[in-house]
Structure formats: C-alpha cells, structure tokens
Amino acid sequence: GAGVSQSPSNKVTEKGKDVELRCDPISGHTALYWYRQSLGQGLEFLIYFQGNSAPDKSGLPSDRFSAERTGGSVSTLTIQRTQQEDSAVYLCASSPRGGGATNEQFFGPGTRLTVL
Amino acid sequence: AQTVTQSQPEMSVQEAETVTLSCTYDTSENNYYLFWYKQPPSRQMILVIRQEAYKQQNATENRFSVNFQKAAKSFSLKISDSQLGDTAMYFCAFWNYGGSQGNLIFGKGTKLSVKP
C-alpha cells in the first residue's frame, strides 16, 4: 500500500489476556518505530528497528512488552498479561532510513487498545 | 536527556485568523531537527513542517511557518488564515541526528479548535 497500515484498528481485551498488534511499513523503509499514546499525553517511544541491527528496546515499559520485525518488513508488538494501564493508542511509523538527514517518519492510523 | 514542552493544552481560533502554538525544548546537543506534526480525529499523524537546527532561516510551508529561536530553545508554529480543517492535535517533536537515537521525542500536544 501507499502508507503505513496497522491492524486491528481497535482492540478490546480483558485484563490478563495477551494481544498482538501488527504494523505494515511503507515498502522499502528500513526503519520502523512503535510509540504509545495515552489519553492526554504525547507519544511515548517504545521500540525502534533499523535494518538488520539489534532493535533499540529502551522505551519498552516492562518485560510484558515485546516486538519483532520479520524479514525487515512487518512488525508485531505483543503485550502479555495486559493491564488496564496498557489502554492507549499504539502508533507505528516507518522512515526510509533511521539515521537519515531528515528522519521524516510516516505514521500509521494506530491501534486503539482497551483493556477491561 | 532531551525534553519537549508544549505549554498550551488547548487553543481556539476563529476561521481566517492567525494562531501561534508554542514549543520549547531542552537539549545539550547541536545537531538536531525539530518537527511539527498534526493529528486530526482520524488519528493519522501528518508532518506539517520541519526545521534543521543549523539553519537560521525559519521554515515555511504555505500557511504554516515557524519561529525558531535556537538560543532560547523555542520553536513556535504559526498558522495563518486558519481553516476548519486545521482543527487537530499538534505535536512538537525533536530528533537528535548526532546520536544513535532514532526515535522522535514528542511534547504532550496542543489541541487546536478552529471555529467558524
């Protein structure tokens, strides 16, 4: 597709369940980012993938959060044993190269996660 | 650590008027970019304008312009001839391209309402 896509658009789950959120970046973009946007807050960095390098996981809030990027393209963010404080919009972005001159990041529409 | 502060949680402006959104940041770095992103109710983050820190000239994109004051670490966004479609959350963001960090650092956003 022309832009970054994310699925599902909305996800409602029960506390304690695991969830998987998917991101399809723009074809050819080597860098991929996950951010979390809680109500009334800015975007909080979670994890960053750049090519075949080891990901920067410094923003992950706990070991319940993990992410993979297969084949340098699609990424999945997994939250295990969800808690109510995990409720937020999860945004994915990609850019042509992580260390580029402009680092313009192209965002997907996000997944709204609600943990009951 | 870098921080970005947007001191105006909400603002409103009459259609066709001009509005200025404030942003300040804190960094000890010299090589960085600053961005303004727009997030309408659709949640799709859209890049509005960017500024390279080494450039003294303020960036402009049609009705959008910035006032970049490097010494004061201030980066405000001016929207001229406001339109109803400008109604959105606006986020100021920082990227240090001199380091290994790939992610953007965002402020908490300003909710702008354009009134007819």
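Residues numbered from 1 in each chain as written. Chains lettered and ligands numbered in written order. Predicted model: local features only at pLDDT ≥ 70, side-chain atom pairs only at ≥ 80, totals over all residues. Heavy atoms only, no water.

A. Examining the sheet that holds strand β7 (residues 75-79) of chain A more closely. Residue and element names in this part refer to chain A. If you walk across this open sheet you meet the four strands as β1-β3-β7-β6, and the pairing is antiparallel. The sheet is open, and its two edges are formed by β1 (5-7) and β6 (65-69), each paired on a single side. Averaged over all adjacent pairs, the angle separating strand axes in this sheet is 15 degrees, with direction ignored. Note: β1 against strand β3 (residues 19-24), three bridges, orientation antiparallel. Residue pairing for β3: Ser-7 is matched across the bridge by Arg-22. (Pairing = 2+ DSSP bridges. Helix = DSSP H or I, 4+ residues; strand = E, 2+ residues; numbered from the N terminus. Axes fitted to C-alpha atoms, helices over the stretch in contact; angles between N-to-C directions.)

B. The pattern of salt bridges, seen in detail. Residue and element names in this part refer to chain A. Summed over all chains, the structure comprises seven salt bridges over all chains. Ionic pairing is found between Asp-24 and Arg-22, a salt bridge with its closest N-O pair at 2.8 Å. Taking relative accessible area as the criterion, Asp-24 reaches 21% and is therefore assigned partly exposed. (Salt bridge = Lys/Arg side-chain N within 4 Å of Asp/Glu carboxyl O. Buried < 20%, exposed > 50% of the residue type's maximum accessible area, 1.4 Å probe, protein only.)

C. Representation of the environment of Ser-65 of chain B. Residues and elements named next belong to chain B. Among the structural elements, Ser-65 can be located in strand β8 (residues 64-69). Measuring from C-alpha to C-alpha, the distance between Ser-65 and Thr-20 comes to 9.4 Å, with 45 residues separating the pair along the chain. Non-local contacts of Ser-65, meaning those with residues more than four positions away in its chain, are made with Ile-49, Ala-59, Thr-60, Ser-76, Leu-77 and Lys-78. (Contact = heavy atoms within 4.5 Å.)

D. Here's a closer look at the state of the cysteines. A full pass over the atoms with the stated rule returns two disulfides over all chains. A sulfur-sulfur separation of 1.9 Å characterises the disulfide bridge that pairs Cys-23 of chain A with Cys-92 of chain A. Its S-S torsion of approximately -65 degrees makes the covalent link between Cys-23 of chain A and Cys-92 of chain A left-handed. Residue Cys-23 of chain A is located in strand β3, and its partner Cys-92 of chain A is located in strand β8 (residues 88-95); the two are separated by 69 residues in the primary sequence. A sulfur-sulfur distance of 2.0 Å marks the disulfide that ties Cys-23 of chain B to Cys-92 of chain B. Taking the sign of the torsion about the S-S bond as the criterion, the disulfide between Cys-23 of chain B and Cys-92 of chain B, at about -70 degrees, is left-handed. Within this pair, whereas Cys-23 of chain B is found in the loop between β3 (19-21) and β4 (24-26), its partner Cys-92 of chain B is found in strand β10 (residues 88-96), the two being separated by 69 residues in sequence. Its relative accessible area of 1% is what places Cys-23 of chain B among the buried residues. Under the relative-accessibility criterion, Cys-92 of chain B is labelled buried at 0%. (Disulfide = S-S within 2.5 Å.)

E. The arrangement of the packing of aromatic side chains in detail. Inspection of the entire model under this criterion finds 17 aromatic pairs over all chains. For the pair Tyr-35 of chain A and Phe-106 of chain B, a centre-to-centre distance of 5.5 Å together with 90 degrees between the ring planes defines the contact as edge-to-face. Of this pair, Tyr-35 of chain A sits in strand β4 (residues 31-37) while Phe-106 of chain B sits in strand β11 (residues 105-106), which puts the two residues in different chains. As far as the burial class goes, Tyr-35 of chain A and Phe-106 of chain B line up, both buried. Ring geometry for Tyr-37 of chain B and Phe-106 of chain B: centres 6.0 Å apart, planes at 55 degrees, overall tilted. One end of the pair, Tyr-37 of chain B, is in strand β5 (residues 32-39); the other, Phe-106 of chain B, is in strand β11, with 69 residues separating them in the sequence. Residue Tyr-37 of chain B is classed as buried on the basis of its relative accessible area of 0%. These aromatic residues form a ring-pair network of at least three members: Tyr-33, Tyr-35, Phe-45, Tyr-48 and Phe-107 of chain A together with Tyr-33, Phe-35, Tyr-37, Phe-91, Trp-95 and Phe-106 of chain B. (Phe/Tyr/Trp six-rings, centres within 6.5 Å; stacked < 30°, edge-to-face > 60°.)

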